[in-house]
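# Structural characterization, general
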Amino acid sequence: MADVLVVDGLDVTFELHESEVKAVSNLDFSLAEGETLAVVGESGSGKSQAFLSIMGLLARNGRASGRAMMGDVNLIGLPPSELDRYRGKDIAMIFQDPMTSLNPSLRLRTQLAEVLVRHQGYDNDKAYRAVIEMLERVGIPEPVKRANAYPHELSGGMRQRVMIAMALLCRPKILIADEPTTALDVTVQAQMLDLFKTLTNDFGTALVLITHDLGVVAGVADRMMVMYGGRCIEKGPTDNLFYDPRHPYTLGLLHSTPHVGKRAARLDPIQGLPPSLEHLPKGCAFHPRCAFRFERCFEERPPLLPVEDVREKACWYQGELKYGKVA
Amino acid sequence: MLGYALRRVLSALPIALIAITVCFFILRLAPGGPFDTGRQLPPDTLANLRAHYNLDQPLFMQYLIYLGRLFQGDLGPSMVFDDFSVAEMLAIGLPFTMMLGFSAFTVATLVGLVAGAVAAMNQNHWPDYVLVALVMVGLVIPNFLMGSLLQLVFGVYLDWFPAGGYVPGSIPHLILPITVLALPHAGRIARLTRGSMIEVLGTNYVRTARSKGLGARLILVRHAIKPALIPVVSYLGPGLSYLLTGSLVVEQIFALPGIGKYFITGALNRDYGLVLGTTILYLFIILVLNLIVDVIYAWLDPKVRFR
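Owing to the predicted nature of the structure, the values given are computational and were not obtained by experimental measurement.

Another aspect to go through is the overall build of chain B. The helix and strand tally for chain B stands at 12 helices and 0 strands. Along the chain direction, N to C, the helices and strands of chain B fall in the order α-α-α-α-α-α-α-α-α-α-α-α. In terms of principal-axis extent, the alpha carbons of chain B reach across some 85 × 55 × 30 Å. Taking all 307 residues of chain B together, the buried fraction comes to 43%. Long-range pairs, those at least 24 residues apart, make up 73% of the contacts in chain B with a sequence separation of at least 6. When the accessible surface of chain B is split by element, carbon and sulfur atoms take 70% of a total near 15,700 Å².

In structure tokens:
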């Protein structure tokens, strides 16, 4: 299948008072039409910033360089006025916190319809009808009534459904969902993932699911990209990474996730804290927390190299990863 | 929305009563009375005068009599200028004070909003720095000093505008007083607007609007202005009442024919009726303005309506 997004050498840096911090370094990946890619990592791994930079939504002190090709267009470095031709239309984004991501002073119908008016040239009536239809589709009861409501009249789950409806109105080629279920009740999370899967399937939209929750990834993602310290350290098909992780960090992540039905005496968290991006360790950024490290890891940073046909990892250790040694 | 407005009106009534009561008694705490100044009056005459104005009654009775008249819309007589009722005197001064206050209010609001928005959108660049500095100057110089400075510079040295006085219909006479009145309020509004605008531009929902590719203008006009105005509007009501009361001092400095003159002479003469009447007028203005602000507030922030 054709790639809808090809990212190549993406760097994101933030200027602080006296220093510069590199939040994302040399990120490469591609996204095929209609597939679901999970981007996994701890807070500060650069996973959100990478995609905010593609959307042109970095904070004022952030700069991105490299390429993010959507067809013939490089989204990185495009001035906002140019970017606005694609944002919301071909590439849309959903954010973590549905409570604050909708404008509290505007009716939902206004916030939804404006997307269609802007990108498809619909008149208000036509846009309104399309909005109602989409609200129905994302499972909002009494869509006509809800459309006239303000965000604070809806629950968190309902608001996230509205966000999904908003993002999908123009049937984008790419949907980026940044921790879309983190702020929601567990019971609602599963429904929401289901909804993502159905709708992106129906519309042929490629989904990027940014998350730190491996439970979310398991049933939904086709491929998976694990990030640490601003870099991709392992990527490949979800099943391969889940059942046969090759990077010690991926292994650690899997063992720090509780599994329903599997009664473990205790969880095995990865020891230590994620590194500060201002002071990344020399060599492999993960080596201070890694149980498999050896001399080389302290000095040289491992490049991201193919392991088998379909997967890549950035790790010097080539032996077998044994669980139990991680902690 | 209508029900909300009605509830606000009803809740304003007890506030009015409390304020009138407090003002009435505080005024009587001040030493002296309306007939202490000027020439010494014979005891009979004084007693007659006191009886005429009910000042011989117990204080609480006086209070009830005053309230009774007030409910009939009567502010009573002036105790010093006995040819006029308080209402008549206020009616003479009020139009000018209102005109001055509202002109300054309009100027201050427009200048403040524009300056604040421009500063917010150029955050930490030179237009922002210049505006923030100007705002500080406007805020820290009190109006009696600023008034005198402007009179000196623009009225005397440069002779661009008259330094004081008023000729009906003359705009040049109003420029300096309006500037003095408007300056600190423009500054405060600019600061509020700048702050809330910067905050709103950094919110998640503005980020959502940007992710929808709406374009800078639509984001500003539809998504940012309304929420950014909420703190500004809540200041406008009290701000306008400050402007109307602050004009008392400015009217005095520029020798202008507003209520300020009556209020100050009334206070010096212990003219109970006049001072109380002026205070009640201001009280009424402030209550009405706050009411208007509450209603606008409910429009800007839908959550308010449901409380």
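Below, the discussion takes up the side chain of A:Ser105. Mapped onto the elements, A:Ser105 comes out in the loop between β6 (91-94) and α3 (108-120). In terms of polar contacts, A:Ser105 uses its side chain to reach the side chain of A:Asn103, at 2.9 Å. Non-local contacts of A:Ser105, meaning those with residues more than four positions away in its chain, are made with A:Tyr150, B:Lys226, B:Pro227, B:Leu300 and B:Pro302.

Attention shifts here to the nonpolar core. If you look at soluble globular proteins, the nonpolar side chains tend to sit buried side by side. Judged by nonpolar contacts, the single largest core of 79 residues is most densely connected at A:Leu5, A:Ile54 and A:Leu75. Counting only domains with at least three residues in this core, you end up with domain 1 (3-90 + 170-313) and domain 2 (103-169) of chain A. Beyond its immediate stretch of four places on either side in the chain, A:Leu5 contacts A:Phe29, A:Ser30, A:Leu31, A:Ile54, A:Ala68, A:Met69, A:Met70, A:Leu75 and A:Ile174. Among the nonpolar cores identified, the runner-up in size contains 54 residues, and B:Leu90, B:Leu176, B:Ala182 and B:Tyr235 belong to it.

One pass over the structure, following the stated rule, counts 19 salt bridges over all chains. In this structure, A:Lys47 and A:Glu179 form a salt bridge, with 3.6 Å as the shortest nitrogen-oxygen distance. Of the two residues, A:Lys47 is situated in helix α1 (residues 47-54) and A:Glu179 in the loop between β7 (174-178) and α7 (186-203); the sequence distance between them amounts to 132 residues. Pair check on accessibility: A:Lys47 and A:Glu179 agree, each one buried. When the shortest N-O distance is used, the salt bridge between B:Arg222 and A:Glu114 registers 2.7 Å. Separated into two different chains, B:Arg222 in helix α9 (residues 216-253) and A:Glu114 in helix α3 make up a pair that spans both. Here the salt bridges do not stand alone but share partners, grouping A:Glu234, A:Asp244, A:Arg246, A:Glu308 and A:Arg311 into one network.

Let us look at the interface of chain A and chain B. The extent of an interface is frequently quoted as the accessible surface area lost upon association of the parts. Counting residues at the interface gives 30 residues for chain A and 21 residues for chain B. Broken down residue by residue, the surface that chain A buries against chain B is led by A:Ser105, A:Glu114 and A:His152, which jointly contribute 23%. Run the count over chain A and chain B and you get 2 salt bridges. By residue number, the principal contributor to the side of chain A that touches chain B is α3(A), which donates 6 residues. Grouping the amino acids of the side of chain A that touches chain B by side-chain chemistry returns 13 nonpolar, 10 polar and 7 charged.

Another point: the side chain of A:Lys235. Residue and element names in this part refer to chain A. Following the sequence through the fold, Lys 235 ends up in strand β10 (residues 231-237). Buried charge without a salt bridge: Lys 235, with Glu 312 as the nearest opposite-charge side chain at an N-O distance of 4.0 Å. Polar contacts involving the side chain of Lys 235 include one to the main-chain carbonyl oxygen of Asp 28, which spans 2.6 Å. Apart from residues lying up to four places away in sequence, Lys 235 is in contact with Asp 28, Phe 29, Met 224, Met 225, Leu 241, Leu 304, Val 310, Arg 311 and Glu 312.

Let's shift gears to the sheet that holds β10(A). What links the strands of a sheet is backbone hydrogen bonding, and the strands pair in either a parallel or an antiparallel sense. Residues and elements named next belong to chain A. Overall, mixed pairing links the 8 strands, which are arranged β6-β7-β8-β3-β9-β10-β12-β11 in an open sheet. The strands lining the two open edges of the sheet, one partner per strand, are β6 and β11 (305-306). Here strand β3 (residues 36-40) runs beside strand β9 (residues 223-228); their pairing, made up of 4 bridges, is parallel. Bridge pairing links Leu 37 to Arg 223 in β9.

Further remarks concern helix α6 (residues 156-168) of chain A. Because each turn of an α-helix spans 3.6 residues, side chains separated by three or four positions end up pointing in the same direction. When the terminal C-alpha atoms of α6(A) are compared, their 18 Å separation across 13 residues agrees well with the 18 Å that a helix rising 1.5 Å per residue should span. Most of α6(A) is tucked away, with 12 of its 13 residues classed as buried. Of the residues making up α6(A), those classed as buried are A:Gly156, A:Gly157, A:Arg159, A:Gln160, A:Arg161, A:Val162, A:Met163, A:Ile164, A:Ala165, A:Met166, A:Ala167 and A:Leu168. Buried residues along α6(A) sit in contact with β6, α3, α4 (124-137), β7 and α7 of chain A together with α8 (204-211) of chain B.

This part takes up the domain arrangement of chain A. All names here are of chain A. With domains assigned, chain A is organised as domain 1 (3-90 + 170-313) and domain 2 (103-169). Computed from C-alpha atoms alone, the centre-to-centre distance between domain 1 and domain 2 is 29 Å. The interface is formed by 20 residues belonging to domain 1 together with 16 residues belonging to domain 2. Buried surface at the junction of domain 1 and domain 2, summed over both partners, amounts to about 1,600 Å²; 65% is from carbon and sulfur atoms. At the boundary of domain 1 with domain 2, the tally comes to 1 salt bridge.

Calculation notes
Residues numbered from 1 in each chain as written. Chains lettered and ligands numbered in written order. Predicted model: local features only at pLDDT ≥ 70, side-chain atom pairs only at ≥ 80, totals over all residues. Heavy atoms only, no water. Helix = DSSP H or I, 4+ residues; strand = E, 2+ residues; numbered from the N terminus. Buried < 20%, exposed > 50% of the residue type's maximum accessible area, 1.4 Å probe, protein only. Contact = heavy atoms within 4.5 Å. Areas by Shrake-Rupley, 256 points an atom, 1.4 Å probe, with all protein chains shown as cover. Polar contact = N/O pair within 3.5 Å; in protein donor to acceptor, adjacent residues only side chain to side chain. Core = buried A, V, L, I, M, F, W, Y, C linked by side-chain atoms within 4.5 Å. Domains from an automatic or database assignment. Salt bridge = Lys/Arg side-chain N within 4 Å of Asp/Glu carboxyl O. Buried area = accessible area lost by both parts, 1.4 Å probe. Nonpolar A, V, L, I, M, F, W, Y, C, P; charged D, E, K, R; others polar. Lys, Arg positive; Asp, Glu negative; His and termini not counted. Pairing = 2+ DSSP bridges. Expected span 1.5 Å × (residues − 1).

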